[in-house]
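What follows is each chain in one-letter form.
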Amino acid sequence: MEECLIQEKRKQNRVIAVISASVFMFSVDYSMLNISLPTITGYFNATIGSVSRLPLAYLLVVTSTVLLFGKLGDILGLKKIFTLGLVIFIAGTSLCAFAPTLNTLFILRIFQCFGEAMFSPVGIAIITTCLPSSIQGKALGIRATAHGLGFSLGPVPGGCINRRIGWRGIFFVNIPIGVCVAIAALKVLPSKQEKPSRENIDYLGALLIFISLTPLIYALNSVSKLGLNNPVIISCLAVFAAALILFIMREKSTP
């Protein structure tokens, strides 16, 4: 709908800046966490295999829930889901900084990644639905650049923080950034959007895709350590195949 488009150039730039800042924030967080894995391993006296679950949590959560959160953004409002995702991400980041055990840190990391799974795809939707087509390519390019910059720049401050403060510091540093981005999102992002033709959600389909993709991602990331003949890998692949078949059958009969 034409009336939902942001025509003022200054407002367009602010929207692009907020969305780009959100993915920059997460990609910095992700890369700093990766550089902190040896420190976390030593702190909890754990194995590198158990600590490697922390970055894996991102793949598991985002891959299996991104479709659901994108649909919720269409129905409930892109701005609402984007802002709620930032709030969950900030809350999860804060809790991760105080995690007393490695298992607690893993659970809180999953909670944190749910926030990223909400605001990341919805940010793209805001660009493609609220900005004129003439600048959408530019906006998506800026967002992708911010994403890549975060991954590239994160290891440098991550290494310094680990050396001077410890691994908990990598979570503390993102809290003020996240709060600023969330406040800016509330002020800048448009509330008005085109309503979808269908407002129902296929919850069973969302559950099946979650059950399908989660064991697949885990198996792909663990097969080099466990081996293809490991019962865990075989079970994961079997669950993936069964859930995928059920998902396809479900989607064939669901609008």
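Residues numbered from 1 in each chain as written. Predicted model: local features only at pLDDT ≥ 70, side-chain atom pairs only at ≥ 80, totals over all residues. Heavy atoms only, no water.

Draft legend 1. Fine view of the pattern of salt bridges. Enumeration over the complete set of coordinates arrives at 3 salt bridges. For K11, the salt bridge is made with E8, and the minimal N-O distance between the two is 3.9 Å. Residue classification places K11 among the partly exposed positions, given a relative accessible area of 45%. Between R109 and D29 there is a salt bridge; the shortest N-O distance is 2.9 Å. Within this pair, whereas R109 is found in helix α5 (residues 102-130), its partner D29 is found in helix α1 (residues 9-43), the two being separated by 80 residues in sequence. The class for R109 is buried, based on a relative accessible area of 1%. (Salt bridge = Lys/Arg side-chain N within 4 Å of Asp/Glu carboxyl O. Buried < 20%, exposed > 50% of the residue type's maximum accessible area, 1.4 Å probe, protein only. Helix = DSSP H or I, 4+ residues; strand = E, 2+ residues; numbered from the N terminus.)

Draft legend 2. The arrangement of unusual backbone geometry in detail. Positive phi, close to 55 degrees, is recorded for N45, a residue that is not glycine. Tracing the backbone shows N45 in the loop between α1 and α2 (48-51).

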